[in-house]
Amino acid sequence: MSRIAFITGATSGIGKATAEAFAGVGIDLILCGRRQERLDEVAAELSSKVKVTTLVFDVRDKGAVIAAVGSLPDNWKNIDILVNNAGNAHGLGTLDEGDTDDWDAMIDGNVKGLLYVSKAVIPLLLERGKGHIVNISSIAGKQTYANGAVYCASKAAVEVISEGMRLELTQHGIKTTNVAPGAVETEFSLVRFKGDETRAEKVYQGFDPLQAGDIADAILYAVNAPDRVTIADITILAGAQSAATVIHRK
Ligand code: NDP
Ligand code: 8X3
């Protein structure tokens, strides 16, 4: 029987690549994001392979999250996999000079948004007595770097939430996988640097960065593991990367 995955942040990068990887193995898709047009494009691309539906909401908006999940028709509520991927870094700066709007966007999106979506979806998994939650953390959640304290803190929170979920949910047949990528070439840096393409491109210059599909491959591996196996935590660095901020560029 085919499975259903609920993926947040499916309009680009890791979320979109995960949708593509899941479609490739016949997993039906609930694709979420704020940009309806992008969701429609991804849905159009994948609907020849699997059933696809879309939900447009901002994960920071608690009411919108609950309404969106509640609006799913009953047959789409049989969710097997939740991929909590939506998130971004906003800015790079010291704590004394940092922009508090950026901090709000990161804490509200990466942490509270992930919690709101989880709170809305977990009851559906509990009802079925099975499921798998994949949380996208970051190497930044394991290693703090200068000028990135708030983003790193938001991702450290994801790591802790993954542990908490595993402690609460394993007994109910629900697995939790924490995925911590290193430098992945997506729209991440474009968002962090507020549309500054030159600055964003520099992040990925001089080495071969991870691609979104590399992370999707690992997620697919985790959700396809047999029942007796829980892939608890995966850290994936670029080949030329030895730590969050240590990248061996040519
Ligand atoms: P992208 O910017 O390409 O994708 C981010 C996705 O998140 C988009 O689909 C965006 O959709 C969605 N999103 C962001 N904020 C919100 C929000 N408030 N409400 C709903 N959706 C939101 O970046 P990545 O694919 O790289 O990022 C995906 C995840 O991976 C993030 O959690 C990021 O922190 C993490 N990560 C990224 C790494 C990297 O180097 N790229 C490394 C480690 C972790 P839309 O704008 O349409 O809402
Ligand atoms: C994204 C990776 O190291 O730029 O989470 O923060 S990093």
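Source: prediction; values computed, not measured.

Conventions we followed
The numbers attached to residues start from 1 for each chain and follow its sequence in the written order. In the order they appear in the text, chains get letters beginning with A and ligands get numbers beginning with 1. Totals for whole chains, interfaces and linings use all residues, but because this is a predicted model, local features are given only for residues with pLDDT of at least 70 and pairs of side-chain atoms are given and counted only at 80 or more. Elements are defined by DSSP. Helices are runs of H or I of four residues or more, strands are runs of E of two residues or more, and each kind is numbered from the N terminus. When we talk radius of gyration, it's over C-alpha atoms, and the globule rule is simply 2.2 Å times the number of residues to the 0.38. Here the C-beta atoms are placed from the backbone, and a residue counts as buried if at least 20 other C-beta atoms lie within 10 Å of its own, exposed if 12 or fewer do, and partly exposed otherwise. By the convention adopted here, residues make contact when the C-beta atoms placed from their backbones lie within 7 Å. Following DSSP output, two strands are said to pair if at least two bridges run between them. In this analysis an axis means a line fitted to C-alpha atoms, helices contributing only their contacting stretch, and an angle means the value between N-to-C directions, from 0 to 180 degrees. A score from 0 to 100, pLDDT tells how confident the predictor is in each residue. When buried Ala, Val, Leu, Ile, Met, Phe, Trp, Tyr and Cys residues are joined through C-beta atoms within 7 Å, the set is termed a nonpolar core. Only the C-beta atom matters for nearness: placed from the backbone, it must lie within 6 Å of the molecule or strand for the residue to count as near. Note on residue classes: Ala, Val, Leu, Ile, Met, Phe, Trp, Tyr, Cys and Pro are nonpolar, Asp, Glu, Lys and Arg are charged, and everything else, Gly too, is polar. Take the number of residues in a helix, subtract one, and multiply by 1.5 Å to get its expected span.

Moving on, we get to the overall build of the protein. The secondary structure content of the protein amounts to 8 helices and 11 strands. Against the 2.2 N^0.38 benchmark of 18 Å for 250 residues, the protein shows a C-alpha radius of gyration of 17 Å, consistent with a compact globule. Taken over the C-alpha atoms alone, the protein extends approximately 50 × 40 × 35 Å along its principal axes. Among the 250 residues that make up the protein, the fraction classed as buried is 42%. Taking contacts inside the protein between residues at least 6 apart in sequence as the whole, the part at least 24 apart equals 69%.

Okay, the sheet that holds strand β2 (residues 28-33) next. Two modes of strand pairing occur in sheets, parallel and antiparallel, and in both the strands are linked by backbone hydrogen bonds. Spatially, the 7 strands line up as an open sheet ordered β3-β2-β1-β4-β5-β6-β9, and their pairing is parallel. The open sheet has two free edges, formed respectively by β3 (52-56) and β9 (233-236), since each of these has just one partner strand. Averaged over all adjacent pairs, the angle separating strand axes in this sheet is 15°, with direction ignored. When strand β6 (residues 174-181) meets β9, the two strands line up parallel, connected through 4 bridges. Each bridged residue has a counterpart across the sheet, and for Ala 180 the counterpart in β9 is Thr 235.

Moving on, we come to the confidence of the model for the protein. Low pLDDT marks stretches whose predicted atomic positions should not be read closely. For the protein, per-residue confidence averages 98 on the pLDDT scale, and 100% of positions sit at 70 or higher. At the level of chain-chain contacts, confidence expressed as ipTM amounts to 0.99, with global pTM at 0.99.

Counting residues in each nonpolar core, the largest one holds 66 residues, and the members touching the most others are Ala 5, Ile 7, Ala 19, Leu 29, Ile 30, Leu 31 and Ile 215. It is helix α4 (residues 100-128) that provides the largest number of residues to this core, a total of 8 residues. Ignoring any residue separated from it by four or fewer positions in sequence, one finds Ile 215 in contact with Ile 14, Ala 17, Val 179, Pro 181, Val 184, Leu 210 and Ile 236.

Once that is clear, we can look at the site of ligand 1. Residues in close proximity to ligand 1 total 31 residues, the closest being Gly 9, Gly 13, Arg 34, Gly 87 and Phe 188. When contributions to the shell around ligand 1 are tallied by element, the ones reaching two or more residues are α1 (13-24), α4 and α6 (188-192). In terms of residue count, α1 provides more of the shell around ligand 1 than any other element does, 3 residues in total. Residue classes in the shell around ligand 1 are distributed as 11 nonpolar, 14 polar and 6 charged.

Before going further, it helps to examine the site of ligand 2. Around ligand 2, the surrounding shell consists of Ser 138, Ile 139, Ala 140, Gly 148, Ala 183 and Ala 244. Considered class by class, the residues forming the shell around ligand 2 number 4 nonpolar, 2 polar and no charged.

Taking 1.5 Å per residue as the helical rise, helix α5 (residues 149-169) with its 21 residues ought to reach 30 Å, and the 30 Å between its terminal C-alpha atoms agrees with that figure. Summarising the contacts, the buried residues of α5 are in contact with α4, β5 (131-136) and β6.

Take unusual backbone geometry next. For Asn 147, which is not glycine, the phi dihedral falls at a positive 70°. One can find Asn 147 in the loop between β5 and α5. Of the residues examined, Asn 147 has 14 C-beta atoms within 10 Å and is grouped as partly exposed. For Lys 194, which is not a glycine, the phi torsion comes out positive at approximately 55°. Tracing the backbone shows Lys 194 in the loop between α6 and α7 (197-203). Given 12 C-beta atoms within 10 Å, Lys 194 falls into the exposed group.

Along the chain, His 248 falls in the segment after β11 (246-247). Between the C-alpha atoms of His 248 and Phe 207, which are 41 residues apart in sequence, the distance is 7.1 Å. Discounting chain neighbours no more than four positions away, the residues touching His 248 are Phe 207 and Ala 240.

Bringing the environment of Thr 176 into the picture now. By the element assignment, Thr 176 lies in strand β6. Here the alpha-carbon distance between Thr 176 and Ser 162, two residues 14 residues apart in the chain, equals 6.4 Å. Leaving out residues up to four positions away in the same chain, Thr 176 has contacts with Ile 133, Ser 162, Met 165, Arg 166 and Leu 169.

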